[in-house]
Amino acid sequence: MTNKDNEPQDSARVRSRRRVNQRLRDAVSKETSGDLKDVEIPPKKLDWMKRTYQWGVKADVTDSGLTIGALNVGIYGEIPDRWDDQSRMPRGAYPMPGVPPIGYSISEKRDLWADNAADLYEEAIQRRWTPATDIPWEAIGPLPDDVEAAVCQLCTMLCQHANTEIETLGTWLHQMSYGYHEVKLFLATEMFDAARHFEVFRKRALSNGGGLGLELKGDVKRMIIESRGGWSETALLLYLLRGLFTFTIYRYGSILANNDAEKAIFEKSVQDKARHLSYGLEHLRYAITRQDDKDLVFNNLLGIGERLVARECKEPIVLEPLAVIFGGGVEGAQSGMRTAQRLMSDYVNLYLSSLRSIGIDRSDSLSNDLKSYLL
Amino acid sequence: MTISKEELDLAPAVREFGEDNNLDLSWLDTRGEWGVRAEPSKRGLTLGDIQLGSYGEPGDHSDNMTGRPRGARARNDAYRVGGYKIRSKADIWLSNAHVLYEESLQRQWSSATDVPWNTIKPLPDDIERAQCQLATFLTEVEFVAAEVPGRWLAATTPDYFEPRMFLISQVMDESRHLDVFRKRAFANGGGLMQRPNVTTSGTVGSIDLSNDFTEMSSRLHITGEGSVLTIFRMGELMAYNEAEKTIYRLAAQDEARHVAFGVMHLRYLAETEPERKEEIHCYLDEGEGALVAGNQNPASRDTAQSEALAILLGGGEKNFDEGYRKLMAVRKRQAREYVQRVRSAGFGERFENGRANQELLAYTR
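Residues numbered from 1 in each chain as written. Chains lettered and ligands numbered in written order. Predicted model: local features only at pLDDT ≥ 70, side-chain atom pairs only at ≥ 80, totals over all residues.

Taken together, the contact between chain A and chain B spans 103 residues of the former and 105 residues of the latter. At the level of elements, α1 (7–33), α2 (117–126), α3 (131–134), α4 (145–172), α5 (181–205), α6 (219–225), α11 (316–327) and α12 (333–357) of chain A are the ones that each hand at least two residues to the side of chain A that touches chain B. By residue number, the principal contributor to the side of chain A that touches chain B is α4 of chain A, which donates 12 residues. Taken together, the residues of the side of chain A that touches chain B sort by class into 50 nonpolar, 32 polar and 21 charged. (Contact = placed C-beta atoms within 7 Å. Helix = DSSP H or I, 4+ residues; strand = E, 2+ residues; numbered from the N terminus. Nonpolar A, V, L, I, M, F, W, Y, C, P; charged D, E, K, R; others polar.)

Given below as structure tokens:
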């Protein structure tokens, strides 16, 4: 902070810190020269001092600071295809025998890896935001009751989307081997983002004379939560089927927003969601290119998943609130539904193009229900 | 609170409009409590500000198995997909989780850019090795505190979302701690060293295997993170540059929040379910044993990390004895802070009735 106004405050803080630290030093010094003066000191072993696989490593500090990706030098950058260690031994540390296992079920790189995870982790931290103070809540003014009800119903649904993401990541994160810490770190940021989305949409629903709406029946949540075959399969459903839908709604935020607060909410949320999808797509591409029949497995799952997504989208609480918001009220809902249809068309097109980008073409096998949304 | 189709009270004109335009619109009249208007306070619009009416504090037990947001309108046909083991408030609640969560958002930091890495200059070999040994230890143990709370997220009903949100912020904080200590190990011509031999293993009585949230929290937040917090607070004594001082200072801020969560949760439990106090004392018995003898405490004796700390505190291998005395001063401080926390949580009787670990208490004198 170089702002002149802050200088006295900063100096006071630094002075205060110095005083606290001096007191700490004095207290320790008093103890070591008093009670602890004659404490029995065990003989030094120092056998650990030579226990390293590689010494002399100096990671480069770049314009973006010292990033986690920059640490991948020498043997510390060797990321094996399989990580057999069943404990939390840091990658590249000197192992010690006899450590009881914890039990990680995901130990193959192909089952979780994405080359961009380290960069996305740092980006997530740089782009952090706070719903309490980064949203101009005072910009929210009274809305017609039907529009407010639609916004609140949309917020209720988006809270549930975020909740599903939290519970899904919470289920899988601890099953992933520590050897792939870049992915674990990134997914921690994703969970934190999802918590913020849960928070911000709840706050919006409760800030303007409205309240929460009706819960979803839960077709898509059930599909994602009950997907237990592997992280890649769950990721397919979480990112491609649900994630792209949520992302598309956020992208329509500039049309959905009734004020600057809502605009800011969607702008910030879409940034986060783009990162999540970026990891998801990169991982799915990685998984497909390293396993012979993975694309077939994915195709089968998507065939079922598409029908469930379509079923959920037919619930009145999914598209009708969007239509009311787009139309400026119930009376405009019919025209608003045309915008909602366009949103769905964009979602399905994005879904198909994203699939193509990871090597899956479903343009001929897309479920009829989803195909019907294409304009 | 559930509603059937027949109960809907949609305005006739709206219903008619819906029918004419192939719209259902029943959701317009099927919602949670209405007319809520939270006002931002001086800290913005916080979770505390939106705890209004039926959206306020949850009940003592939750029957929410579908994952609906607290206060949303339930429906009879929703799938019960939430595998929520924690549906009793006392199992996870504390009075200020929402405050701690908001604070964590305000105090997020970046290990890449908020640490002045350029202040790290070449250090004597024994000091650098000691720093790297300590960093190796911390990059492993800090991730225990990231991984374990994460397991409880999907097991907790979203009706108790405030503590759940806080635990997510802890996962984030501890991920950053893993990251920053790994960075320190590679920032100055060193590398990773010997990993601890049993610190984070899956053995009975460990943080990992706890089947009850409060059991886990008593071990993780009170004994485990509490002891690490003392080390971080003493960072000034073992840091050799501004970068290391910054790391310890920022990590201590985070750690203090996590410890506060554990203390406040234990306090809530002690007040609302005093019949569980004896059980919690058993967990504390084990935790104290680990504090004194176990390898979970960086300041415990005769481990690679305690020798590393002695070298750092003393100013080099040649001053090992002086460093060791300082290490014992750290341990005394750890013990005193632990006692203070447990008293604050409402379990102070163990220090009066002879139950507390005597070796631990000896450090407090």
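So, about α2 of chain A. The periodicity of an α-helix, 3.6 residues per turn, causes residues three or four places apart in sequence to face the same way. Residues and elements named next belong to chain A. Summarising burial for α2: 7 of the 10 residues are buried, a large majority. Here α2 has its buried residues at A117, A118, L120, Y121, E122, A124 and I125. Those residues of α2 hidden inside the fold are in contact with α5 and α9 (260–289). (Buried ≥ 20, exposed ≤ 12 C-beta atoms within 10 Å, placed from the backbone.)

Let's shift gears to the domain arrangement of chain B. On domain assignment, one finds that chain B holds domain 1 (1–30) and domain 2 (89–364). Inter-centroid distance (C-alpha atoms) of domain 1 of chain B to domain 2 of chain B is 54 Å. (Domains from an automatic or database assignment.)

Residues and elements named next belong to chain B. Direction vectors running N to C along helix α4 (residues 161–186) and helix α7 (residues 242–272) enclose 150°, while the axes themselves pass 10 Å from each other. On the basis of their axis angle, the class for α4 and α7 is roughly antiparallel. α4 and α7 meet at a crossing whose hand is left-handed. Side by side, α4 and α7 meet where F166, Q170, D173, H177, V180 and R184 of the first sit next to I247, A251, D254, H258 and F261 of the second. (Axes fitted to C-alpha atoms, helices over the stretch in contact; angles between N-to-C directions. Parallel < 35°, antiparallel > 145°, perpendicular 65-115°, else oblique. Left-handed = near helix turned anticlockwise from the far one by under 90°.)

In the Ramachandran plot, L46 of chain A falls in the positive-phi region, its phi being about 60° despite a non-glycine side chain. One can find L46 of chain A in the loop between α1 and α2. You will see that N22 of chain B, though not glycine, has its phi angle at about 60°, which is positive. Here N22 of chain B lies in the loop between α1 (12–20) and α2 (97–106). Judged by the 8 C-beta atoms lying within 10 Å of it, N22 of chain B is exposed.

Among the nonpolar cores identified, the biggest contains 227 residues, and Y121, I166, M191 and I325 of chain A together with I168 and L312 of chain B are the most heavily contacted of them. Taken domain by domain, this core gets at least three of its residues from each of domain 1 (1–30) and domain 2 (89–364) of chain B. (Core = buried A, V, L, I, M, F, W, Y, C linked by C-beta atoms within 7 Å.)

Per-residue pLDDT for chain A has a mean of 94; in total, 97% of the residues score no lower than 70. Note that residues 1–6 of chain A has pLDDT below 50 and, in this model, 2 contacts with residues that lie over four places away or in other chains. (pLDDT = per-residue confidence, 0-100.)

It is worth spelling out α11 of chain A at this point. Residues and elements named next belong to chain A. The terminal C-alpha atoms of α11, which comprises 12 residues, lie 16 Å apart, in line with the 16 Å expected from a rise of 1.5 Å per residue. Within α11, 11 of the 12 residues are buried, which leaves it mostly tucked inside the rest of the structure. Residues of α11 that are buried in the fold lie against α4, α8 (253–256), α10 (294–313) and α12. In the stretch just after α11, G328 is the one whose phi turns positive, near 75°. (Expected span 1.5 Å × (residues − 1).)

Residue and element names in this part refer to chain A. One way to put it is that α5 packs onto α9 with a least axis distance of 10 Å and a crossing angle of 155°. The orientation of α5 relative to α9 falls into the category roughly antiparallel. Here the hand of the crossing between α5 and α9 comes out left-handed. Residues F186, E190, D193, H197, V200 and R204 of α5 form the contact with α9, whose participating residues are E262, I265, S269, D272, H276 and Y279. Taken together, the residues of the contact of α5 with α9 break down into 4 nonpolar, 3 polar and 5 charged.

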